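What follows is each chain in one-letter form.
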Amino acid sequence: MSNESLANLLKEERRFEPPADLAAAANVTAEAYEQAKADRLGFWAEQARQLTWATEPTQTLDWSNPPFAKWFADGKLNVAYNCVDRHVEAGHGDRVAIHFEGEPADDTRTITYAELQREVSKAANALTELGVRAGDRVAIYLPMIPEAVFAMLACARIGAPHSVVFGGFSADALAARIEDADARVVITSDGGYRRGKPSALKPAVDEALTRPGTENVRNVLVVRRTGEDTAWTEGRDVWWHELVDGQSDRHTPEAFDAEHPLFILYTSGTTGKPKGILHTTGGYLTQTAYTHRAVFDLKPETDVYWCTADVGWVTGHSYIVYGPLANGATEVLYEGTPDTPHQGRWWEIVQKYGVTLLYTAPTAIRACMKWGDDIPAKFDLSSLRVLGSVGEPINPEAWIWYRKNIGGDRTPIVDTWWQTETGAIMVSPLPGVTATKPGSAQIPLPGISATVVDDEAKEVGNGGGGYLVVTEPWPSMLRTIWGDDQRYLDTYWSRFENRYFAGDGAKKDTDGDIWLLGRVDDVMLVSGHNISTTEVESALVSHPKVAEAAVVGATDPQTTQSIVAFVILRGNVDAEAEGEALVTELRNHVAKHLGPIAKPKRILPVAELPKTRSGKIMRRLLRDVAENRALGDVTTLTDSSVMELIQSKLPGAS
Ligand code: 6R9
């Protein structure tokens, strides 16, 4: 990105110091940065010692064959033992591990660490009875119910790498993932609840298993959740309650090598076949546990933590299952959507359980902004003490809204940048240390070396922009793409020599803080200037009438690309009545904030935006609309009718 265009970019002057009481008692202080800088590997070795090892590692990093890393390679441990048994052995068996809140409001379950140990042991025994051995892959296709956590931990316990497939994915997507991982068993349920109704899951598994390449699946283990009728294949299908409930609730965990595969998780990406991101045992657990303790300041005796992600995404793996449970946290697990049966459901849950640490995504925050401030205002949210954000850049105004309306203008916000590939949080403020800036993820965590480089791989100075790279290996890094080392090299390690290329645009502000600017593919080129979609979106969202915006560059004969913006207005704004005057007002608003070069050529108010199932805006499809093209692949969209609605809004649409 050229420097003259950066001069225009959003200036954020607001700062929020950590609350004094939180800073005084924080798990991690500023000293951690110094310590890690002086001895990065020693720092991670110390974090690894917070885990319980069957064989303590004597080596920290083996980088003799870059970029194929080995961390703590001569150590041995069991992940499930670390997440469950050791807390029971330490006398915390009665502590609640999971407060499960089903979508039907009266459907709740409280699971202590002692119960979790019994449930995971039974499930491990059941998988063993089905012939699953260490190294065999198990696909998990479940709604957000406790069995999803039991199943993942049971796999970890017996050393069978899991491949969790988000329950909203189609039979095709499931089949492709089963085939690529060559799974032997699929764990699913008859269905789950979605917006007040049972929604079937098992039929997608049945369909997936008719596809070529899935023949090695021997058994389907089915949790009964909704009780609706389900087709049954004798000899292959097994009810969870029939097989698991009858098992012994004792199971001796076996220690595995630190580099034993823990799971494969597929990232869809924008093109090509999904990439199976491989994570292993010791380094992954070290960094997820450390970052969860550091970034959320977790106090396991008193905090109630809630991450609203789905276990089908990496955020669910690292910050619902492995990080929090390794730390002995008490957490909420919620099956449903934020607006079922009403738009205050999340805040009702925060009030009910006294949630202290909340981790969610900008897409959800912007939806709540749209629904209105009066909804969270009806609930007691005073228990909250740290708020987290992940998944996309958070627009400064959404950040401020979150802090004010959810955090009572009191709680630090940690904007955490990371990826499926990084396994754990990489760039984030620390709640007891950092003076936070709305919209910036700020600086790499202690022990993480990340920076911004230009096209020539040269590190940019303060005020410069380019690409986010990681410059040193980190414990929870992906080890490869399952079955495709070459693609691992090509995708992440060939753009810049010896640097991990994350695929995100970024800039450093004058203080040296990092701002994420969206995927590199989304950056626009307008009259020779690189302009970030994120920044134009943030400028739009800073207007009081806008709740959400998505910006794309459309091919333009004069300017290479021209900026087209799709905006969702706040709940109280009438788009029809405001008409062209509002569009002009918004265009001028962007010009005022970012400079005339960033002024959108067209602005279209819409009711919804196309999102992936993990809530990220699919700009690719909006580009198709802006350029009047037939739509590309819409299979990963949450709701494909959204695109019809948007297209019908266009001038000239029939
Ligand atoms: C954890 C997760 C990774 C991509 C990543 C980036 C975007 C995630 C962000 C963020 C700006 C943040 N992203 N967190 N962008 N600020 N705090 O979301 O993993 O699904 O693999 O997505 O998400 O573009 O490259 P994943």
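Throughout this description, residue numbers start from 1 for each chain and increase along the sequence as written. Predicted model: local features are reported for residues with pLDDT of at least 70 only, side-chain atom pairs are reported and counted for 80 or more only, and whole-chain, interface and lining totals are derived from all residues. Hydrogens and waters are ignored; side-chain quantities use all the structure's heavy atoms.

Rule in force here: UniProt positions are given in the numbering used here, feature names are shortened, and annotations may be inferred rather than shown by experiment.
The name given to the protein chain in an unreviewed UniProt entry is Acetyl-coenzyme A synthetase, and the organism recorded there is Streptomyces zingiberis. What the UniProt record of the protein chain gives under Cofactor (unreviewed entry) is the line "Mg(2+)". Taken verbatim from the UniProt record of the protein chain, the Sequence similarities (unreviewed entry) comment is "Belongs to the ATP-dependent AMP-binding enzyme family."

1. Concerning the sheet that holds strand E19 (residues 386-389)
Heads up, the rule is: A pair of strands counts as paired when DSSP detects no fewer than two bridges linking them. The numbering of helices and of strands both runs from the N terminus, where a helix is a DSSP run of H or I of at least 4 residues and a strand a run of E of at least 2. Between N-to-C directions, angles cover 0 to 180 degrees, with each direction set by a line fitted to C-alpha atoms, over the stretch in contact for helices. Contacts are residue-level and defined by heavy atoms, with any inter-residue pair within 4.5 Å sufficient.
Pairing is mixed in the open sheet, where seven strands are placed in the order E5-E4-E17-E16-E18-E19-E20. Every interior strand has two partners, whereas the edge strands, strand E5 (108-112) and strand E20 (413-415), have only one. The sheet shows a mean angle of 20° between the axes of neighbouring strands, taken without regard to direction. Where strand E4 (residues 96-101) and E5 come together, five bridges link them in antiparallel fashion. The partner of Ile98 across the bridge, within E5, is Ile111. Along the sheet face, helix H6 (residues 113-129) touches E4 and E5 and points at about 90° away from the line of E5.

2. Re empty space enclosed by the protein
As a reminder of what qualifies: Detection works on a 1 Å grid of protein atoms alone, calling trapped sets that fit a 1.4 Å probe cavities and calling open sets with protein on both sides within 12 Å along at least five of seven lines pockets, with lining residues defined by an atom within 4 Å of a point. Grid points are joined across faces, edges and corners, and a volume is the space filled by probe spheres set on the points.
Enumeration over the complete set of coordinates arrives at seven cavities of 30 Å³ or more. Approximately 60 Å³ is the volume attributed to the largest cavity. Lining the largest cavity are eleven residues, and of these Gly439, Trp515, Leu516, Thr534 and Ser538 sit closest to its centre. When residues of the lining of the largest cavity are traced back to their parent elements, those giving at least two are strand E25 (514-519) and helix H18 (533-541).

3. Here we look at the UniProt feature "binding site: ATP" (unreviewed entry) in the protein chain
This is how it is decided: Pairing of N or O atoms within 3.5 Å defines a polar contact, subject to two protein rules: one partner must be a possible hydrogen donor and the other a possible acceptor, and residues neighboring in sequence count only if both atoms are side-chain atoms.
Listed under "binding site: ATP" (unreviewed entry) in the UniProt record, and renumbered for this structure, are Gly391, Glu392, Pro393, Asp415, Thr416, Trp417, Trp418, Gln419, Thr420, Asp504 and Arg519. Here, the largest cavity is lined by Pro393 out of the annotated residues. Relative to the elements of secondary structure, Asp504 occurs in strand E24 (residues 500-508). Asp504 has contacts with Trp417, Gln419, Gly466, Tyr467, Leu468, Leu516, Gly518, Arg519 and Val520, leaving out every residue within four places of it along the chain. Among the polar contacts made by the side chain of Asp504, one reaches the side chain of Trp417 at a distance of 2.7 Å. Relative to the helices and strands, Arg519 is located in strand E25.

4. Description of helix H14 (residues 362-371)
Our working rule: Burial status follows relative accessibility: with a 1.4 Å probe on protein chains alone, a residue under 20% of its type maximum counts as buried, one over 50% as exposed, and anything between as partly exposed.
The element H14 is largely enclosed, with a buried count of nine among its ten residues. Taken together, the buried positions of H14 are occupied by Pro362, Thr363, Ala364, Ile365, Arg366, Ala367, Cys368, Met369 and Lys370. In the stretch just after H14, Gly372 is the one whose phi turns positive, near 115°.

5. Remarks on the packing of aromatic side chains
Rules: Two aromatic rings from Phe, Tyr or Trp, using only the six-membered ring of Trp, form a pair when their centres are within 6.5 Å; if the ring planes differ by under 30 degrees the pair is stacked, by over 60 it is edge-to-face, and anything between is tilted.
Inspection of every chain in the model, using the stated rule, returns 30 aromatic pairs. Between Phe263 and Tyr322 the ring centres are 6.3 Å apart and the planes differ by 5°, which places this aromatic pair in the stacked class. Taken together, the residues Phe263 in strand E14 (residues 261-267) and Tyr322 in helix H12 (residues 314-326) connect sequence positions 59 residues apart. Ring geometry for Tyr319 against Trp418: centres 5.1 Å apart, planes inclined by 85°, an arrangement best described as edge-to-face.

6. Considering the pairing of strand E22 (residues 465-470)
Of all six residues in E22, six are buried; the element is thus mostly enclosed. Of the strand pairs in this sheet, strand E21 (residues 450-453) and E22 are connected by four bridges, and their pairing is antiparallel. For Val452, the partnering residue across the bridge sits in E22 and is Leu468.

7. Thoughts on the UniProt feature "binding site: CoA" (unreviewed entry) in the protein chain
The UniProt feature table records "binding site: CoA" (unreviewed entry) at Arg194, Arg195, Gly196, Lys197, Thr315 and Ser527. Spanning 334 residues, the named residues do not form one spatial group; their C-alpha atoms are separated by as much as 50.6 Å. Within the secondary structure layout, Lys197 lies in strand E10 (residues 197-200). Those residues in contact with Lys197 that sit more than four places away from it in its chain are Glu103 and Gly192. Along the chain, Ser527 falls in the loop between strand E26 (524-526) and strand E27 (529-531). According to the relative accessible area criterion, Ser527 is partly exposed, its value standing at 40%. Sequence-distant contacts of Ser527, that is, excluding residues within four places in its chain, are made with Thr559 and Ile597.

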